[in-house]
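If you want the building blocks of each chain, they are given just below.
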Amino acid sequence: MRETPLRQRLDHARAPFPRAGAAWAIRMPSYSPRSGIHPALTSFADECGATLARLIAYVGALALFGIVALHVWDQFQSELENEPADKAVFSLALRSRPAFAVSSLDPPEKSEAYEIFRHPEGGRKDIFHWGPPGEKPAAELEIYRLGREFDPSQPLAAEIAARMAPEDPRELETAGIIDSKFGTVALLQFPGGQSGTKSCLGFFKRFEDSMLQISGWSCQGPTLPARRSAIGCMLNHLTLLASGNEPKLAELFAKAELKRGPCTPVIAGSTDWVTSAENPRLRGTL
């Protein structure tokens, strides 16, 4: 027989609290005996999965930062490698030992300065200066051991002109040749210097096999023949102290010593077609 609405309201009034079984069902988390996994284990697995996901994200971020940093470093190294060679310059090497020596060529009031410069690409320049203390040098001798920085296309005459007259470098012209223990050496001078009594002479000699270049200038001597003789004496007095690991350099100086001659004073008017102030006509312009 179907219960009336009044009977239902009475039953509800008699039982104001839920039955024990219903309360147990509300308090206890759902647990299915069929799955065989306790809810605590399920929660622990979820935590492990979340931690692993965060760890993977952290490692991925570190890897991304590392890739970006490596890319920036490669770009920086590439820019350094592609940097023009003229940005790297010779620097004074204070701890390098002298490798050359020149016998005294000047009176006691003259002084000699010896400096060594090195280039990051392997070049080395040993430079001598002679002159009164505190004044412009009267002569210079540079022994340049060529490195990877050397550019044969660069005009050597312009460099010597800048060293001779840094305040007003001008174009040099050939001024003949002289003989020395290293063979013939080409001479250079400023235009109009043949008639000037105080003009300076530049010189250079390059040895391809030994990767060596000798150059410099001199203002010593009242006349051009005297200045030519002074340059010849300077080269003849140049000796090698240490060749390092360069056997060809030692061989070059050993052979040159066999050709070394005495320095004789210049007699007025004693010039020939080889050592005259004019360019040698039989050999053409240097």
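All of these numbers come straight from a predicted model, not from anything done at the bench.

S.K.: Explanation requested: the confidence of the model for the chain in the structure shown.
M.R.: A low pLDDT score tells you not to read the predicted coordinates there in detail. The pLDDT averaged across the chain works out to 77; a share of 69% of its residues lies at or above 70. Note that residues 20-26 has pLDDT below 50 and, in this model, zero contacts with residues that lie over four places away or in other chains.

S.K.: Help me understand the packing of aromatic side chains, please; the structure alone is not making it clear to me.
M.R.: The way to describe two aromatic rings as a pair is by their centre distance and the angle between their planes. Summed over the entire model, instances satisfying the criterion amount to seven aromatic pairs. Measuring from ring centre to ring centre gives 5.3 Å for phenylalanine 182 and phenylalanine 253, while their planes differ by 80°; the resulting arrangement is edge-to-face. One end of the pair, phenylalanine 182, is in the loop between strand S6 (173-180) and strand S7 (183-189); the other, phenylalanine 253, is in helix H6 (residues 247-258), with 71 residues separating them in the sequence. Looking at phenylalanine 182, the relative accessible area reads 8%, which means it is buried. Linked through ring pairs, Phe100, Phe182, Phe207 and Phe253 together constitute an aromatic cluster. The cationic tip of lysine 125 hangs over the ring face of phenylalanine 90; the distance from NZ or CZ to the ring centre is 4.5 Å. One cation-aromatic arrangement involves lysine 125 over tyrosine 144; the distance from NZ or CZ to the ring centre is 4.9 Å.

S.K.: Sorry if this is basic, but what is going on with the nonpolar core here?
M.R.: For soluble globular proteins, the rule of thumb is that nonpolar side chains tend to be buried together. Counting residues in each nonpolar core, the largest one holds 27 residues, and the members touching the most others are Leu141, Phe203, Ile214 and Leu238. Excluding anything up to four places from it in sequence, isoleucine 214 contacts Leu141, Glu142, Phe182, Phe203, Phe204, Lys205, Phe207, Leu235 and Leu238.

S.K.: Explain the state of the cysteines to me, please; I cannot follow it from the model alone.
M.R.: In a disulfide, the sulfur atoms of two cysteines are covalently bonded to one another. This model, assessed by the stated rule, comprises one disulfide. The disulfide partner of cysteine 200 is cysteine 219, and the gap between their sulfur atoms is 1.7 Å. Taking the torsion about the sulfur-sulfur bond, which here is approximately 95°, the covalent link between cysteine 200 and cysteine 219 counts as right-handed. Note that cysteine 200 is positioned in the loop between S7 and strand S8 (201-207) and cysteine 219 in the loop between strand S9 (212-218) and helix H5 (224-236), a separation of 19 residues in sequence. By relative accessible area, cysteine 200 is classed as buried at 16%. Overall, cysteine 219 belongs to the partly exposed group, its relative accessible area being 25%.

Cut-off values and rules
- Residues numbered from 1 in each chain as written.
- Predicted model: local features only at pLDDT ≥ 70, side-chain atom pairs only at ≥ 80, totals over all residues.
- Heavy atoms only, no water.
- pLDDT = per-residue confidence, 0-100.
- Contact = heavy atoms within 4.5 Å.
- Phe/Tyr/Trp six-rings, centres within 6.5 Å; stacked < 30°, edge-to-face > 60°.
- Helix = DSSP H or I, 4+ residues; strand = E, 2+ residues; numbered from the N terminus.
- Buried < 20%, exposed > 50% of the residue type's maximum accessible area, 1.4 Å probe, protein only.
- Lys NZ or Arg CZ within 6 Å of the ring centre and 35° of its normal.
- Core = buried A, V, L, I, M, F, W, Y, C linked by side-chain atoms within 4.5 Å.
- Disulfide = S-S within 2.5 Å.

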